[in-house]
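The chain contents come next:
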Amino acid sequence: MDTIDTLEERLEILVPNLYPKWRDSQIEVINQIINSDKKIVALQASTGFGKSLVAIASIILNNRGIVVTQTKQLGDKYFLDYGQIGLKSVKGRQNFTCEIIPERTVDIAPCSAGYKCELKKSGCAYYSQKRQAVSSKLTSMNISYFLTEVNYSGEFSGRNILFIDEAHKLDTSLQQFIEVRLNKRRFNELDCSLPQEITYESIVNWAQVSYKYLLSLLSNLQDKLSINFNDEFLISEGIKLNNSMRLIEQISITDKNWIIEENDYNILLKPVWIDKYIRQFLLSHASKVVLMSATLPRKTVERLGITDYDYINIPSNFDPERRPVIWYPVANLSYSAKDKDLELKKLRIAVDKLCENHIKEKGIIHTTNYKITKYLIENCESSPRFIYHNNAEERQNALTKFEKSKINSILISPSFTEGIDLPYDLIRFQIICKIPFMDLSDKQTNIRMKEDNEWYSTQAIITMIQAYGRIMRAPDDSGTTYILDTSLLNLIKRWKKIFNQLNWFLEALWIQKDNKLVKFNDLEQL
């Protein structure tokens, strides 16, 4: 078994230029990970610890492994930081041009319709980078690509160690992978319309009959495609058939307890919880799996169905004095509020005051929903400073505009609680208007909340603290966060055990008491 000293010596030999100076805490965590006798390790460490470096070093010491990210953007950052030491970043088919039909990307190329293209072996840029990644000891990819590849082609399965970055989102990622979304129009076009009366039994029976029918269609189409591979219609139909058959195959893992939702366009099947599926679709594909995030309380890990694991919780190394979070109990924005208009007015007055206090600085207002966003845009005196988006499609343009803005702009949005990096003067203050509880009009969320209220509250806490994490991105950065929801203190009292696992938030929290701001940790024990 390695000691911390021998680990550091090995790393200095293997990757001498990877990091100017290894921090003691990083070596300690690497030691805990590689010497753990558990298959699963959960690592919670806030921004600034260097989780990515720990992942890369642990993979190098374990000889062969993969880092899985939640987004392509984070994957690109891994390649930018570690490509020079041999990390191979694999991307999906949509990022590559087809060599035989340059007008198409590989995801809509003849091979995706079933055509047996000879360039797969040599000459195709997509398959070339995939082969390099398969043979590499150090690889990164996004979660969607990883789940598809290990569960269908199997080529990235069996690594010594697998790191899942931003693992607090793993429940959602796995949910999206295993859910079955049946498009009514698509199956009508394939002459196998979905049943009129939607029940679990009717869908299973439909799937059994439809799969055989679609398989015969695909076989005939591929025979034609082998002769005329550039036929637009054949390619389009082949891709449609392949995708449809994969969806039908997925129905085999469903059971009668899955939620079934229907609208004018789709029928959606999804499980209430994903715990019974995580081993089959994720954990079985590596000898050791490390889940890591800045917000990874035990409840999040255990709700995935993971009970036997090592838990590592690293305190923040960012000075709490440089990242204060101040609670002003201004507005009750819950569903039960008696006078919602009055509460919104209180919120608007407080937002305007805080924006005025930061008149020379850029900031973010986290609204939680578009209704609050719209109200503040239409009523705030500070609204000329606002940069906003009306829907998800406009989100990236709003962020780009804000980043490029040289004046004291304020980004106002319900959806920038994570996944953005705005250090230093890009944001110096932020306002969290409402505790971001999930929408209970969603059937799955409602069932989950009734079965496990701790999980429901933990999700809101994670989202809030992820939003808080936008304000300070480096040890010499600084900024102030304001929370205006009156329910914060009750949330902390009710779920103190969750907050204690995220103590880097509590150590920076100031609350209003007797018209004065007092450090939360200086108050009497709640």
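Residues numbered from 1 in each chain as written. Predicted model: local features only at pLDDT ≥ 70, side-chain atom pairs only at ≥ 80, totals over all residues. Heavy atoms only, no water.

Some remarks on helix H15 (residues 395-404)
Ala398, Leu399 and Phe402 are the residues of H15 that are buried. The arc that holds every buried residue of H15, seen down its axis, measures 100°, which confines them to one face. Summarising the geometry of H15, the exposed residues directed more than 90 degrees from the buried face are Asn397, Lys401 and Lys404. Those residues of H15 that are buried are in contact with strand S12 (363-366), strand S13 (386-388) and strand S14 (410-413). (Buried < 20%, exposed > 50% of the residue type's maximum accessible area, 1.4 Å probe, protein only. Helix = DSSP H or I, 4+ residues; strand = E, 2+ residues; numbered from the N terminus. Arc of directions from axis to C-beta. Contact = heavy atoms within 4.5 Å.)

Concerning the packing of helix H9 (residues 200-227) against helix H10 (residues 232-250)
At a closest axis distance of 9 Å, the pairing of H9 and H10 adopts a crossing angle of 150°. Put simply, H9 runs roughly antiparallel to H10. Considering the relative orientation of H9 and H10, their crossing is left-handed. In contact with Trp206, Ala207, Ser210, Tyr211, Leu214, Leu215, Leu217, Leu218, Leu221, Lys224 and Leu225 of H9, H10 contributes Leu234, Ile235, Glu237, Gly238, Leu241, Asn242, Ser244, Met245, Ile248 and Glu249. Looking at side-chain class alone, the contact of H9 with H10 contains 14 nonpolar, four polar and three charged residues. (Axes fitted to C-alpha atoms, helices over the stretch in contact; angles between N-to-C directions. Parallel < 35°, antiparallel > 145°, perpendicular 65-115°, else oblique. Left-handed = near helix turned anticlockwise from the far one by under 90°. Nonpolar A, V, L, I, M, F, W, Y, C, P; charged D, E, K, R; others polar.)

Structural notes on unusual backbone geometry
The phi dihedral of Glu166 falls on the positive side, at around 50°, and the residue is not glycine. Position of Glu166 relative to the elements: it lies in the loop between strand S5 (159-164) and helix H7 (170-178). With a relative accessible area of 17%, Glu166 lands in the buried category. Positive phi, close to 55°, is recorded for Tyr424, a residue that is not glycine. Within the secondary structure, Tyr424 is located in the loop between S14 and strand S15 (429-432).

A short note on the sheet that holds strand S8 (residues 266-270)
Within a beta sheet, neighbouring strands are joined by backbone hydrogen bonds and run either parallel or antiparallel to one another. What the three strands build is an open sheet, ordered S6-S8-S7; its pairing is antiparallel. A single partner strand is all that each edge strand has here, and the edge strands are strand S6 (180-183) and strand S7 (259-262). Adjacent strand axes in the sheet meet at a mean angle of 15° when their direction is disregarded. Sheet analysis places S6 next to S8, joined by four bridges and oriented antiparallel. Bridge pairing in S8 links Arg181 to Leu268. Contacts from helix H16 (residues 443-451) reach S7 and S8, with the element oriented near 150° to S7. (Pairing = 2+ DSSP bridges.)

So far we have only geometry, and geometry alone does not tell us how the molecule works.
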